[in-house]
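Here is what each chain is made of, one letter per residue.
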Protein chains: 2
Amino acid sequence: MATIYDVSELAGVSLATVSRVMNKNAQVSEKTKQKVLAAMESLGYRPSAIAKGLASKHTSSVGVLISELHGPFYGMMMSEVETELRNHDVHAIIAAGHSDAAKEEDAIEFLLSRRCDALILYVESVTDEYLVKLAKKGTPIVIIGRNIPKLAKNCISLNNELGGYLASKHVLENGHRKIAYISGPLWKDDAQERLAGHKRALAEYNVKFNEKLLFEGSYQEEGGVEGLTHLLAQRANFTALLCANDEMAAGAMTAARDLGLAMPQDLSVVGFDNVAYSRYVYPKLCTINYPIREMANMAAHWVLKYVYKHNAFDIQNIFEPTLVTRDSVSKFKR
Amino acid sequence: MATIYDVSELAGVSLATVSRVMNKNAQVSEKTKQKVLAAMESLGYRPSAIAKGLASKHTSSVGVLISELHGPFYGMMMSEVETELRNHDVHAIIAAGHSDAAKEEDAIEFLLSRRCDALILYVESVTDEYLVKLAKKGTPIVIIGRNIPKLAKNCISLNNELGGYLASKHVLENGHRKIAYISGPLWKDDAQERLAGHKRALAEYNVKFNEKLLFEGSYQEEGGVEGLTHLLAQRANFTALLCANDEMAAGAMTAARDLGLAMPQDLSVVGFDNVAYSRYVYPKLCTINYPIREMANMAAHWVLKYVYKHNAFDIQNIFEPTLVTRDSVSKFKR
DNA sequence: CTGTTAGCGCTTTCAA
DNA sequence: TTGAAAGCGCTAACAG
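This one's a predicted model, so the numbers in the text were calculated from it and none came from an experiment. (Residues numbered from 1 in each chain as written. Chains lettered and ligands numbered in written order. Predicted model: local features only at pLDDT ≥ 70, side-chain atom pairs only at ≥ 80, totals over all residues. Heavy atoms only, no water.)

Participant: Sorry, what's going on with the protein's contact with DNA strand C here?
Facilitator: Taken together, the neighbourhood of DNA strand C is formed by 27 residues, with Ile4, Ser19 and Tyr45 of chain A together with Thr17 and Arg20 of chain B sitting nearest. Each atom of DNA strand C within 4 Å of the protein was classed as base or backbone; sugar and phosphate made up 65%. Interatomic distance of 2.7 Å between a side-chain N/O atom of Thr17 of chain B and a phosphate oxygen of DNA strand C. Contributions of two or more residues to the surface near DNA strand C are made by helix H2 (15-22) and helix H4 (49-56) of chain A together with helix H2 (15-22) and helix H4 (49-56) of chain B. Top element by residues in the surface near DNA strand C is H4 of chain A. It accounts for 5 residues. By residue class, the composition of the surface near DNA strand C is 13 nonpolar, 10 polar and 4 charged. (Near = heavy atom within 4 Å. Polar contact = N/O pair within 3.5 Å; in protein donor to acceptor, adjacent residues only side chain to side chain. Helix = DSSP H or I, 4+ residues; strand = E, 2+ residues; numbered from the N terminus. Nonpolar A, V, L, I, M, F, W, Y, C, P; charged D, E, K, R; others polar.)

Participant: What is the right way to read the pairing of strand S5 (residues 155-158) of chain A from this model?
Facilitator: Residues and elements named next belong to chain A. Residues Cys155 and Ser157 of S5 are buried on one face, and the alternating residues Ile156 and Leu158, pointing to the opposite face, are buried as well. Bridge analysis of strand S4 (residues 141-144) against S5 gives 2 bridges, and the strand direction is parallel. Its bridge partner lying in S5, Ile143 is registered against Cys155. (Buried < 20%, exposed > 50% of the residue type's maximum accessible area, 1.4 Å probe, protein only. Pairing = 2+ DSSP bridges.)

Participant: Would you take a moment to explain the packing of H4 of chain A against H4 of chain B for this structure?
Facilitator: Packed helix pairs are characterised by how far apart their axes lie and by the angle those axes make with each other. Close contact between H4 of chain A and H4 of chain B brings their axes to 9 Å; oriented N to C, the two are set at 125°. In this view, H4 of chain A runs oblique relative to H4 of chain B, as classed from their interaxial angle. At the point where H4 of chain A passes H4 of chain B, the crossing takes the left-handed sense. Across from Ile50, Ala51 and Leu54 of chain A in H4 of chain A, the residues of H4 of chain B making contact are Ile50, Ala51 and Leu54 of chain B. (Axes fitted to C-alpha atoms, helices over the stretch in contact; angles between N-to-C directions. Parallel < 35°, antiparallel > 145°, perpendicular 65-115°, else oblique. Left-handed = near helix turned anticlockwise from the far one by under 90°. Contact = heavy atoms within 4.5 Å.)

Participant: Quick question: what am I supposed to make of the sheet that holds strand S9 (residues 268-270) of chain B here?
Facilitator: Residues and elements named next belong to chain B. Reading across the sheet, the 4 strands line up as S7-S6-S8-S9 and stay open at both edges, with parallel pairing between neighbours. Edge positions in the sheet fall to strand S7 (214-216) and S9, since each of these pairs with one other strand and no more. Averaged over all pairs of adjacent strands, the angle between strand axes in this sheet comes to 15°, irrespective of strand direction. Judged from the 3 bridges that link them, strand S6 (residues 179-183) and S7 form a sheet pairing that is parallel.

Participant: Just checking my understanding: could you explain the relation of the copies chain A and chain B for this structure?
Facilitator: Both copies of the chain are placed relative to one another by a rotation about an axis and a shift along it. Once chain A is rotated about the relating axis by 180° and shifted along it by 0.0 Å, it coincides with chain B to within an RMSD of 0.1 Å. On this basis, the relationship between the two copies can be described by a two-fold rotation axis. (Least-squares fit on C-alpha atoms with pLDDT ≥ 70 in both.)

Participant: Hey, could you run me through the protein's contact with DNA strand D in this one?
Facilitator: Lining the immediate environment of DNA strand D, one finds 27 residues, of which Arg20 and Gln27 of chain A together with Ile4, Ser19 and Tyr45 of chain B sit closest. Protein-adjacent atoms of DNA strand D, using a 4 Å cutoff, are sugar or phosphate at a proportion of 67%. In the environment of DNA strand D, a phosphate oxygen lies 2.9 Å from a nitrogen or oxygen atom belonging to the backbone of Ser29 of chain A. Between DNA strand D and Lys57 of chain A, the relevant distance is 2.8 Å, taken from a phosphate oxygen to a side-chain nitrogen or oxygen of the residue. Here the surface near DNA strand D takes 5 residues from H4 of chain B, the largest share from any one element. Of the residues in the surface near DNA strand D, the class split is 13 nonpolar, 10 polar and 4 charged.

Participant: Would you explain the interface of chain A and chain B in this entry?
Facilitator: The partner chain B presents 48 residues to the 48 residues of chain A that form the contact. Buried area between chain A and chain B, summed over both chains or domains, comes out near 4500 Å², and the portion from carbon and sulfur atoms is 60%. The three residues of chain A that bury the most area against chain B are Arg46, Ile50 and Tyr280 of chain A, which together make up 18% of that side's buried surface. Inspection of the chain A/chain B interface yields 4 salt bridges. Taken together, chain A and chain B are joined by 15 residue pairs in polar contact (both at pLDDT 80 or more). For the side of chain A that touches chain B, the secondary structure elements donating two or more residues are H4, helix H5 (72-87), strand S2 (91-96), helix H6 (101-113), helix H10 (221-233) and helix H11 (246-258) of chain A. When residues of the side of chain A that touches chain B are assigned to their parent elements, the largest contribution, 7 residues, is made by H5 of chain A. (Buried area = accessible area lost by both parts, 1.4 Å probe. Salt bridge = Lys/Arg side-chain N within 4 Å of Asp/Glu carboxyl O.)

Participant: Got a minute to help me understand the UniProt feature "domain: HTH lacI-type" (unreviewed entry) in chain A in this structure?
Facilitator: The feature "domain: HTH lacI-type" (unreviewed entry), as annotated in UniProt, sits at residues 2-56 of chain A in this numbering. With 69% helix and 0% strand, the stretch residues 2-56 of chain A has end C-alpha atoms that lie 20 Å from each other. (UniProt positions renumbered as here; feature names shortened; annotations may be inferred.)

Participant: Please clarify how the sheet that holds strand S4 (residues 141-144) of chain B should be interpreted in this entry.
Facilitator: Think of a sheet as strands paired side by side through backbone hydrogen bonds, with each pair either parallel or antiparallel. The strand order across the open sheet formed by 6 strands is S2-S1-S3-S4-S5-S11 (chain B), and the pairing between neighbours is parallel. Each edge of the sheet is formed by a strand with only one pairing partner; in this case those strands are strand S2 (91-96) and strand S11 (318-319) of chain B.

Participant: Is there a simple way to explain the pattern of salt bridges in this structure?
Facilitator: Tallied over the entire structure, the rule returns 18 salt bridges over all chains. A salt bridge links Arg46 of chain B to Glu109 of chain A; the shortest N-O distance between them is 2.4 Å. Separated into two different chains, Arg46 of chain B in the loop between helix H3 (30-43) and H4 and Glu109 of chain A in helix H6 make up a pair that spans both. The residue Asp273 of chain B makes a salt bridge to Arg194 of chain B at a minimum N-O spacing of 3.7 Å. Of this pair, Asp273 of chain B sits in the loop between S9 and strand S10 (287-289) while Arg194 of chain B sits in helix H9 (residues 189-204), placing them 79 residues apart in sequence.

Participant: Would you take a moment to explain the packing of aromatic side chains for this structure?
Facilitator: What describes a pair of aromatic rings is the distance from one ring centre to the other and the angle between the planes of the rings. Residue and element names in this part refer to chain A. One pass over the full model with this rule turns up 12 aromatic pairs over all chains. Ring geometry for Trp302 versus Tyr306: centroids 5.0 Å apart, planes at 65°, classification edge-to-face. With Trp302 and Tyr306 both in helix H12 (residues 292-306) and 4 residues apart, this pair spans about one turn of that helix. For Tyr306, a relative accessible area of 42% corresponds to the partly exposed category. (Phe/Tyr/Trp six-rings, centres within 6.5 Å; stacked < 30°, edge-to-face > 60°.)

Participant: Whenever I open this one, the environment of His58 of chain B confuses me. Can you help?
Facilitator: Residue and element names in this part refer to chain B. Relative to the elements of secondary structure, His58 occurs in the loop between H4 and strand S1 (61-66). In this structure the C-alpha to C-alpha distance between His58 and Asp117, which are 59 residues apart in sequence, comes to 6.0 Å. With residues near it in sequence (within four places) discarded, His58 still touches Gly53 and Asp117.

The structure is reproduced here in C-alpha cells:
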C-alpha cells in the first residue's frame, strides 16, 4: 500500500506538501498540486486514517453504542446517526452493549481505545455515576434515551412517563376499565417510567391498579406471547392490553388470535415505539410514537456542533411521545 | 490520556516491558508484571488501538459493509457477525452502502483507509470486476450474498433460484394456477434469480408466465402495497401471490386486507427471507428461509480462520433455502 | 527477563 | 509556497 512518502517521491515534492494538498486548507501552487494529485492517482494512494489519527489527535469518527445491532428500533437509530454523520464526513464506529453493564463498559472502552472524537451512547445497564465519570474523562459524550440530571446537556431523552400515560388514557377514554399491561424488564428505567405513566392515568380515572394484570416482559415478541398467555390465565377478563413496546404487542396479538380472540372487538391493544412494521400487523397497531429518528439525528447534530464545530441548529434535549391511533383499539361495549 | 510512556516511567521499567505485559505472549517476571499492572491501573491507562495499529500493521478490526443499517435482514446479519467476531476479540467496523455503487465504493475506501484486517461485504451495486480487483489488492475479503466465479472461495451465497422455485412450487402444489409475483428491483441479482426460480416452477407445471401478474417492487413494505394495488387493477384474478421478500409480503397483505380480501381463503401469500417478524403478521407468513445468520456466522469464521488463523471449521460457500410453511397459504378451491 | 532503538504513516511547527 | 524535522503512541527486532 502506497504511503505519503511514495507519493512525495514520485511527485518530487516533500512530505509536507503532499500532506497539504490532502488537507485542502493550506496554500499550494496549482502546479505542484496537480503533480501531487497525479502521483496519488497513479499510485492508487489511500491515506491511512490510522496514521492520520495518531498524528493529528482526532479521528473523524464517533463511537455509537446501542443495545443490539438488530431490531427495528435500534436499527432506525443507528441508521439515522450514521447517515447524518457521514453527510459531514465523519464515520460511525458501531458497537453493541447487549443491555449488560460489563459489556457496555467493555464496548465503551473499545470505542475509547479507538480514539473516537465523541461517543453517542444508548446504554441501559451502566450506572449514572459511571456516565458522569466518563463524561469528565475528556471524550465528549451524548446519551440517548436517558435523562441524567448532572449531564442534562448531554442527554437526548423521551418523556416515557407521558407515553405510558397517553397509551393508557386512550383506552380509558374508550371506556375500558380492565386493562392489562405487559411491561418491559422492570430494571430498565424506561419500562418503569412507562408503567408509572399507566398508573397515573388509571388513578386519574379512578381505576385501581391490579397486580394480576401486570406482566413483566422482555421487550421482545416472545415476551408478548408469554405475557398474553399468562395474563389470560389470571381470568381477570381484561378488555384492553397495553404493551410497553411494539414487538411485544405483535407477539401478544398473534398469541391472542391463536386463542380465538378477535381484535379489536374482544381485545384492544396498544403498543409503544411506532416501529416501522407496527402498521403492517393486524389489526394495524395503535401505538405511541417514539421519535427515535429525530432524536438520533439530534444526537448526531450535537456532535457535529460541539465537537466538529459545524454550526448546527439548537439542541433539543427532551422529546415528547405522541399517540398514533390505528385499528387495534375499539370502544368498550356492553 | 496516559500513554505507554507514562506507565513505563511510573512502573520504573522500559517501554518494551510495558508493551510485553499488554501483549500477554512474552515472558515477564511476575514481579515487574504486577508493577506495570499497578501503574496502568493508577493511571487509568487505555492503550491506543490507533498507535498499535500503526506500529503493528494490523488492527484487530474487520470492516462490515451492508446495504442498510436498519431492516430485519441486515440487522440479523450484522448482529451475528459482530457477536462472533467480538467473541474472538476482533471488532467490526460497520458501514452502509445503500445499494448504490458510488456509495459502496466509498464505504469500501473508508474501511480500507481504516486499515481493516479484512472486509465482509454485502454489496449489490458494485460490479464483479471491481470486486475481483479489490480482492487482489491485499486486504482479504469475503462476500455475502453473491457468487462470483473467480472469487468462489470468498463468497458465501444462497441459492436464490431454488428459493424462488420452492415458493412457487408450494403454491402450485396447492392447486393455484393464477399466481402473481412481486419481485425485488430487477437490477439486483437476487431478485432476478428468485424470479427465474418462479418461472422454472411454472414451466414445470405447464403454466404460462403472465407479464401482467408481475410487479417490480422495492423490497420494502411500501413496495408490497403498491404491488398488490397494481396487480389487482390488472383484473387477472390471481389466487396466490409470491413476494420476493417478507417486507413486501407484509405490505401486500395489509393492502389486500384493506381491500377486503381474506387470507388465505381469497389469497394465498408467500414471502422470502423468513425475517423475525414474519411469524407475527396475520396470517402467519409462509416463507422461504434465508439462513442469513448461519451465513453471517460463516463469513465471520472465514475471517477468523484465514486472517486471524484461528482453527475454525470448514467453510461452506453455498447455502440452500428451505420452505417454511405457515398459515398464509391454503389449497385452491373450486 | 529487560532495555535500546528504529520505525509505522502522517501532521505540524519552524525556517527558508 | 515549500521543505526539514520532530513527534503522535506503540511494536518489534536486536542486544544485553
